[in-house]
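# Secondary and tertiary structure notes
Listed here are the chains, written in short residue letters.
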Amino acid sequence: MPKLVARLALIALCAAAIAGCKARRGNRGELSPPDDAPAWEERFAVAFDDDYTDADLELRGRAPHDVLDQRLFAARLGHAAIVALVEVEQVWGRGRYRGKHAQYIDVELGDVLFGELPKGTRASQMLRLRGEDDTPADLQGKQLVLFLRWAPGNDPAYHHHLMPANDDIVAYIRALVAHARQEGALDTGRRGKRKARRRGAEVEASGSVESDPADGAPPE
């Protein structure tokens, strides 16, 4: 199963790197997309659901829920503009906002595992969680992995997902990113963009992305 997760993630890593990370004018330190960030697509809403997964990911699990989690993880890793470690500073805001359940957590941005934060981004950020379950108060002080995809024009201008940052997951992400760099998939120069477009065309022609986990239906 780790091979399946890696294949699905690496298909889109190169495309995510092409977007670039130019600082947005008027950035006051909030997480804001670069000028060339692609438009948000609703097909990514399943993977980037502004929620938190409390259980560790079982990379070798074969139960149905493990397989679904693995595919969602691959979609998040493959389609994220930024993958970073964050430390939870505070959990607050339990209740309902405009008729919808809403919670907020303050996080401190740490190591960026993939992508690049726009210049001027503050280390301290507030993230909204839209899940129905209350976020546990004991999350404070814990380290999580943040998967973020830009959503220009939205408020906030991104969607995200959080998961526990256990040592195995962090090492696995680092290894995948290092492998992608070795393959030239993360070269954002002109040559790298040509490689990414060519690889994307080959994948599309082979039909490997017909069942994208971010579309909301697990691949067969």
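Here's a quick rundown of the structure.

Reading the values: rules and limits
Residues numbered from 1 in each chain as written. Predicted model: local features only at pLDDT ≥ 70, side-chain atom pairs only at ≥ 80, totals over all residues. Heavy atoms only, no water. Helix = DSSP H or I, 4+ residues; strand = E, 2+ residues; numbered from the N terminus. Expected span 1.5 Å × (residues − 1). Buried < 20%, exposed > 50% of the residue type's maximum accessible area, 1.4 Å probe, protein only. Arc of directions from axis to C-beta. Pairing = 2+ DSSP bridges. Contact = heavy atoms within 4.5 Å. Phe/Tyr/Trp six-rings, centres within 6.5 Å; stacked < 30°, edge-to-face > 60°.

Let's shift gears to helix H3 (residues 167-182). If you check H3, its first and last C-alpha atoms are 22 Å apart, about what 16 residues at 1.5 Å a residue would give, namely 22 Å. Every buried residue of H3 is listed here: Ile 169, Val 170, Tyr 172, Ile 173, Leu 176, Val 177 and Ala 180. On an axial view of H3, the arc spanned by its buried residues comes to 160 degrees, and they lie on one face. Opposite its buried face, H3 presents the exposed residues Asp 167, Asp 168, Arg 181 and Gln 182, each directed more than 90 degrees away.

Over its 16 residues, helix H2 (residues 64-79) extends 23 Å from the first C-alpha to the last, a length consistent with the 22 Å expected when each residue adds 1.5 Å. Within H2, twelve of the 16 residues are buried, which leaves the element mostly enclosed by the surrounding structure. Listed as buried for H2 are Asp 66, Val 67, Gln 70, Arg 71, Leu 72, Phe 73, Ala 74, Ala 75, Arg 76, Leu 77, Gly 78 and His 79.

This paragraph deals with the sheet that holds strand S2 (residues 82-92). The strand order across the open sheet formed by six strands is S1-S8-S7-S2-S5-S6, and the pairing between neighbours is mixed. Of all the strands in the sheet, the pair left with one neighbour each is strand S1 (51-52) and strand S6 (124-129). Sheet analysis places S1 next to strand S8 (residues 158-164), joined by two bridges and oriented parallel. Its bridge partner lying in S8, Asp 51 is registered against His 161.

Note on placement: Leu 146 falls in strand S7 (residues 143-150). On a C-alpha basis, the gap between Leu 146 and Ala 84 in space is 5.2 Å, while along the polypeptide they are 62 residues apart. Excluding residues that lie within four positions of it along the chain, Leu 146 makes contacts with Ile 82, Val 83, Ala 84, Val 86, Leu 109, Leu 127, His 160, His 161 and Leu 162.

All chains considered together, the criterion is met by four aromatic pairs. Taking the centre distance of 6.2 Å and the plane angle of 25 degrees together, the rings of Phe 73 and Tyr 172 count as stacked. Here Tyr 172 lies in helix H3 and Phe 73 lies in helix H2, a separation of 99 residues in the sequence. Taking relative accessible area as the criterion, Phe 73 reaches 2% and is therefore assigned buried. In this structure Tyr 172 comes out as buried when scored by relative accessible area, which is 16%. Ring plane angle 25 degrees and centroid distance 5.2 Å describe the contact between Trp 92 and Tyr 104, whose orientation is recorded as stacked.

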